Amino acid sequence: MSDVLTVLDAFFAAEAGYITAGGPGVADFGGMAAHLAPDVVMHQAPTLPYGGVWRGHDGMERFMAAMSETWRSLEFLERRHWVDGDTVIVANHGRLTARATGRSIETTLLQLITVRDGLITEFRPFYWDTAAVNDTLTPSTAEK
């Protein structure tokens, strides 16, 4: 179990650093890639600006580029794990700050993650409220 959590902690730290640094061209994707299987799959809610299915290191790098274009920062405020073999449920409570609006949202994201042989093979995130996430990203009439 501790090996699985070590992989996840290292990945999440690399992810937050990548987004905060500004993403592609500024940050190194290698810190995240080191913890991903070559055939990793990310399933994102289709209603989000970075929604869809992202496959392999190339897909994950494009996903992270879209995330870093969307968010200026990602702070993990609280994280809980439940591990069953190679499957982990992660409850992340965090704060995201939108790059375009400067507004922040504090929310919870549940993720079903599979880790095999020390590498993440699949992510299935479930957002508490995708509408609130999208509202944070949309400029208000005063901001337009």
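Check the entry above for the structure.
Parameters at a glance
- Residues numbered from 1 in each chain as written.
- Predicted model: local features only at pLDDT ≥ 70, side-chain atom pairs only at ≥ 80, totals over all residues.
- Heavy atoms only, no water.
- Helix = DSSP H or I, 4+ residues; strand = E, 2+ residues; numbered from the N terminus.
- Rg over C-alpha atoms; globule rule 2.2 N^0.38 Å.
- Buried < 20%, exposed > 50% of the residue type's maximum accessible area, 1.4 Å probe, protein only.
- Areas by Shrake-Rupley, 256 points an atom, 1.4 Å probe, with all protein chains shown as cover.
- Lys, Arg positive; Asp, Glu negative; His and termini not counted.
- Charge placed at Lys NZ, Arg CZ, Asp CG, Glu CD.
- Pairing = 2+ DSSP bridges.
- Axes fitted to C-alpha atoms, helices over the stretch in contact; angles between N-to-C directions.
- Contact = heavy atoms within 4.5 Å.
- Phe/Tyr/Trp six-rings, centres within 6.5 Å; stacked < 30°, edge-to-face > 60°.
- Lys NZ or Arg CZ within 6 Å of the ring centre and 35° of its normal.
- Core = buried A, V, L, I, M, F, W, Y, C linked by side-chain atoms within 4.5 Å.
- Arc of directions from axis to C-beta.
- Polar contact = N/O pair within 3.5 Å; in protein donor to acceptor, adjacent residues only side chain to side chain.

*Asks:* Got a minute to help me understand the overall build of the chain in this structure?
*Replies:* Within the chain, the secondary structure is distributed over four helices and six strands. Along the chain, helices and strands appear, N-terminal first, in the series α-α-β-β-α-β-β-β-β-α. Expected size for 144 residues packed as a compact globule is a radius of gyration near 15 Å; at 15 Å, the chain falls within 12% of this value. The burial tally for the chain puts 44% of its 144 residues in the buried class. Working note: accessible area of the chain is about 7,300 Å², and carbon and sulfur atoms make up 53% of it. A distance of 6 Å separates the average location of the 11 positive side-chain charges in the chain from that of its 18 negative side-chain charges.

*Asks:* Which parts of the structure should I look at to understand the sheet that holds strand β5 (residues 104-116)?
*Replies:* Either a parallel or an antiparallel arrangement is found when strands of a sheet pair, and the pairing is made through backbone hydrogen bonds. Pairing is mixed across the open sheet formed by six strands, whose spatial order is β2-β1-β6-β5-β4-β3. Either end of the sheet is taken by a strand with one partner, and the two such strands are β2 (52-55) and β3 (71-84). Strand-to-strand twist across the sheet, computed as the mean angle between neighbouring axes with direction ignored, equals 20 degrees. Bridge count for strand β1 (residues 36-44) against β2 is four bridges, and the pairing is antiparallel. By the bridge assignment for β2, V41 is matched with R55. Where helix α3 (residues 56-70) meets the sheet, its contacts fall on β1, β2, β3, β4 (87-98) and β6 (119-127), and the angle it forms with β1 comes to roughly 45 degrees. Its contacts with the sheet place helix α4 (residues 130-137) against β3, β4, β5 and β6, and it is angled at close to 125 degrees to β5.

*Asks:* It is not clear to me how the packing of aromatic side chains should be interpreted in this structure. Could you clarify?
*Replies:* Remark: the centre distance and the inter-plane angle together describe each pair of aromatic rings, the angle taken between the planes. Considering all chains together, one arrives at six aromatic pairs under this definition. Plain terms: the ring middles of F11 and F123 are 5.2 Å apart, the flat faces sit at 40 degrees to each other, and that makes the pair tilted. Pair noted here: F11 is in helix α1 (residues 2-21) and F123 is in strand β6, with a separation of 112 residues, a long-range link. With respect to burial, F11 and F123 carry one shared label: buried. Grouped by ring-pair contacts, the aromatic residues F11, F12, F76 and F123 constitute a single cluster. One cation-aromatic arrangement involves R79 over F76; the distance from NZ or CZ to the ring centre is 4.5 Å.

*Asks:* What am I meant to see in the nonpolar core here?
*Replies:* One recurring pattern in soluble globular proteins is that nonpolar side chains are buried together. Counting residues in hydrophobic clusters, the biggest one holds 38 residues, and the most contacted among them are L8, Y50, M60, W71, I120 and F123. Counting residues per element, this core draws most heavily on α1, at seven residues. Discounting residues that sit within four places of it in the chain, Y50 has contacts with Q44, F63, A66, M67, T70, W71, Y127 and V133.

*Asks:* What's the story with α4 in this structure? I'm lost.
*Replies:* Each full turn of the α-helix corresponds to 3.6 residues, which orients residues three or four apart in the same direction. For α4, the complete set of buried residues consists of V133, T136 and L137. Down the axis of α4, the smallest arc covering the buried residues is 100 degrees, so these residues share one side. For α4, the secondary structure elements touched by its buried residues are α3, β3, β4, β5 and β6. Where α4 begins, the side chain of D129 points an oxygen toward the backbone nitrogen of A131, at a separation of 3.1 Å.

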